[in-house]
Amino acid sequence: VNYGSADLARLCDAVKAKSLPAVDRLNILDDLFSLISAGKAKTSDGLRLLESYKEEESYIVWNNISQAIGSLSVVIADQEFYSDWERFVLDLFSGIKKTVKWDPVEGESHLDTLLRALVITRLGKAGDQEVRQEAKRRFDLHASGGAKISPDIRSAVYTCVASMGQEDDYNTMLRLHEEEELHEEKERLARSGLAAFSSKPILAKTLELSLSSSVRSQDSVHMISSVAHNRKGRDLTWQFFKDNFVLLKGRYQSGFLLSHLVKSCSENFISEDKAMEVEQYFVEHPLPGSERNVAQSVETVRLNSAWLNRDLMDINNFFKQK
């Protein structure tokens, strides 16, 4: 499929009017973003299509929208117009924000529950002040022994609070993490909370914590990976991985966890220089069993780098015209 501008306009109208079933609305987005990442369509077409989903109500469609946002966020992570992109996301979610409630509604479906967490997370990360303040209010109550945050939005609340990057909140989360006995909740605090802060000095502490005795060794990997997937933690984590290479290699030998770590620490870069650096690093520091992950990482970096080089001006112009 290759959409011309007239076809794209018709699709946008059909998505807006919801004259297509949810599964088709989802597939259109998937198809177009596949074409974009392969260089067969422009990113600005994808952004125009995304704008048509403002009145979307279906969780499965929003989940795909969120994945498209995630992919593009990696590609443009270092660009000056990133704040324009965040405003774009806030605007895209402005409709669903009005319909999604913080607390469960009686008789709601499982998908409604998932939609609530997704919307709160995306709005909080993109800087919605109202959502961040409500998350902070609930977090403070929860942390001081008051009303507990409903488990289905706990990760979302932690991420919203972490995105504000405050040292006090970090220390509170750290205390909760230390005191928590339930493994699932400890993981939630680590990955959605401690690893999601928007401050580099705080993320450096999270990385140090990941290898301490207060984190189980199989959980360390997920914690480090979560920091790596944080836009502010990408470079820090790669450096941390290299600094602790001997320790990590000794601890995980050549198992699945180490391969997972290799990939998550290196796949979010977006330049040919970094692709070469990652490739060269693992030539000099071979990890038997991780070769495929290294190759996948390097390929991802090259694809994203090509995407950025191709469409940088196109995306920039799209935001300039906003």
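Before reading on, note that the structure itself is shown above.
Below you will find a few notes about this structure. (Residues numbered from 1 in each chain as written. Predicted model: local features only at pLDDT ≥ 70, side-chain atom pairs only at ≥ 80, totals over all residues. Heavy atoms only, no water.)

1. A word on the overall build of the protein
When its secondary structure is counted, the protein shows 18 helices and 0 strands. For the protein, the C-alpha radius of gyration of 20 Å lies close to 20 Å, the compact-globule estimate for 322 residues. Buried positions account for 50% of the 322 residues belonging to the protein. For the protein, long-range pairs separated by at least 24 residues make up 73% of all intrachain contacts whose partners lie at least 6 apart in sequence. Summed over all atoms, the accessible surface of the protein reaches about 15200 Å², with 51% contributed by carbon and sulfur. Computed over 41 positive and 48 negative side-chain charges, the separation of the two mean positions in the protein equals 2 Å. (Helix = DSSP H or I, 4+ residues; strand = E, 2+ residues; numbered from the N terminus. Rg over C-alpha atoms; globule rule 2.2 N^0.38 Å. Buried < 20%, exposed > 50% of the residue type's maximum accessible area, 1.4 Å probe, protein only. Contact = heavy atoms within 4.5 Å. Areas by Shrake-Rupley, 256 points an atom, 1.4 Å probe, with all protein chains shown as cover. Lys, Arg positive; Asp, Glu negative; His and termini not counted. Charge placed at Lys NZ, Arg CZ, Asp CG, Glu CD.)

2. Re unusual backbone geometry
Most peptide bonds take the trans form, and the phi angle of most residues other than glycine is negative. Phi angles above zero are rare outside glycine, and K18 is one such case at about 55 degrees. Take K18: it is sitting in the loop between α1 (5-17) and α2 (22-37). Look at K18 and you get partly exposed, because its relative accessible area is 29%.

3. Some remarks on the layout of surface pockets
If you add up the space inside the largest pocket, you get close to 1200 Å³. If you trace the largest pocket, you find 38 residues lining it, with R122, K125, H229, N230 and R231 closest to the centre. Breaking the lining of the largest pocket down by element, the ones donating at least two residues are α4 (59-75), α5 (82-92), α7 (110-126), α9 (151-162), α11 (183-194) and α13 (217-228). Of all the elements, α7 adds the most residues to the lining of the largest pocket, at 6 residues. Taken as a whole, the second largest pocket encloses approximately 250 Å³ of empty space. (1 Å grid on protein atoms, 1.4 Å probe; cavity = no way out; pocket = protein on both sides within 12 Å on 5 of 7 lines; lining within 4 Å. Points joined across faces, edges and corners; volume = space filled by probe spheres on them.)

4. Describing the pattern of salt bridges
Per the counting criterion, the structure on display carries 29 salt bridges. As a salt-bridge pair, E130 and K97 come within 2.8 Å of each other at their nearest N and O atoms. Of this pair, E130 sits in helix α8 (residues 129-143) while K97 is found in helix α6 (residues 94-99), placing the two residues 33 residues apart along the sequence. By relative accessible area, which is 55% here, E130 ends up exposed. What emerges from the salt-bridge pattern is a single network uniting D103, E134, R137 and R138. (Salt bridge = Lys/Arg side-chain N within 4 Å of Asp/Glu carboxyl O.)

5. Side note on the packing of aromatic side chains
Going through the model one piece at a time under the given rule, you end up with 16 aromatic pairs. Between W85 and F88, the ring centres sit 5.7 Å apart and the planes meet at 15 degrees, which makes this aromatic pair stacked. One end of the pair is W85 and the other is F88, both in helix α5 and 3 residues apart, which spans about a single turn. The residues W85 and F88 share a single accessibility class, namely buried. Each ring, one from F139 and one from Y158, has its centre 6.2 Å from the other, and the planes form 90 degrees; the classification is edge-to-face. Residue F139 is found in helix α8, and its partner Y158 is found in helix α9; the two are separated by 19 residues along the sequence. (Phe/Tyr/Trp six-rings, centres within 6.5 Å; stacked < 30°, edge-to-face > 60°.)

6. What to know about the packing of α4 against α5
Contact geometry of α4 with α5 gives a least axis separation of 12 Å together with a crossing angle of 175 degrees. If you check the angle between α4 and α5, you find them roughly antiparallel. Across the interface between the two elements, W62, I65, I69, L72 and S73 from α4 touch Y82, W85, V89 and L92 from α5. Taken together, the residues that form the contact of α4 with α5 break down as 8 nonpolar, 1 polar and no charged. (Axes fitted to C-alpha atoms, helices over the stretch in contact; angles between N-to-C directions. Parallel < 35°, antiparallel > 145°, perpendicular 65-115°, else oblique. Nonpolar A, V, L, I, M, F, W, Y, C, P; charged D, E, K, R; others polar.)

7. Focus: α8
The end-to-end C-alpha separation of α8 is 21 Å, in line with the 21 Å expected for 15 residues at 1.5 Å each. V131, R132, E134, A135, R138, F139, H142 and A143 are the residues of α8 that are buried. Each buried residue of α8 lies within a common arc of 165 degrees when the element is viewed along its axis, so the set occupies one face. Exposed side chains of α8 directed beyond 90 degrees from the buried face belong to E130 and Q133. Positioned one or two residues after α8, G145 has a phi angle of 90 degrees, which is positive. (Expected span 1.5 Å × (residues − 1). Arc of directions from axis to C-beta.)

8. A closer look at a nonpolar patch on the surface
A cluster of nonpolar side chains, contributed by I60, L111 and L114, occupies part of the molecular surface with about 210 Å² of accessible area. Tracing the backbone through its elements, the reader meets L111 in helix α7. A residue is classified by how much of its surface remains accessible, and L111, at 40% relative accessible area, is partly exposed. (Patch = residues over 30% accessible without salt bridge, like charges linked within 9 Å, V, L, I, M, F, W, Y side chains within 5 Å.)

9. Regarding the packing of helix α3 (residues 43-51) against α5
Two numbers describe how α3 lies on α5: the axes approach to 10 Å, and their chain directions differ by 30 degrees. Considering the angle they form, α3 stands roughly parallel to α5. Note on element contacts: α5 touches α3 through W85, F88 and L92, opposite L47, L50 and E51. Broken down by class, the residue content of the contact of α3 with α5 amounts to 5 nonpolar, no polar and 1 charged.

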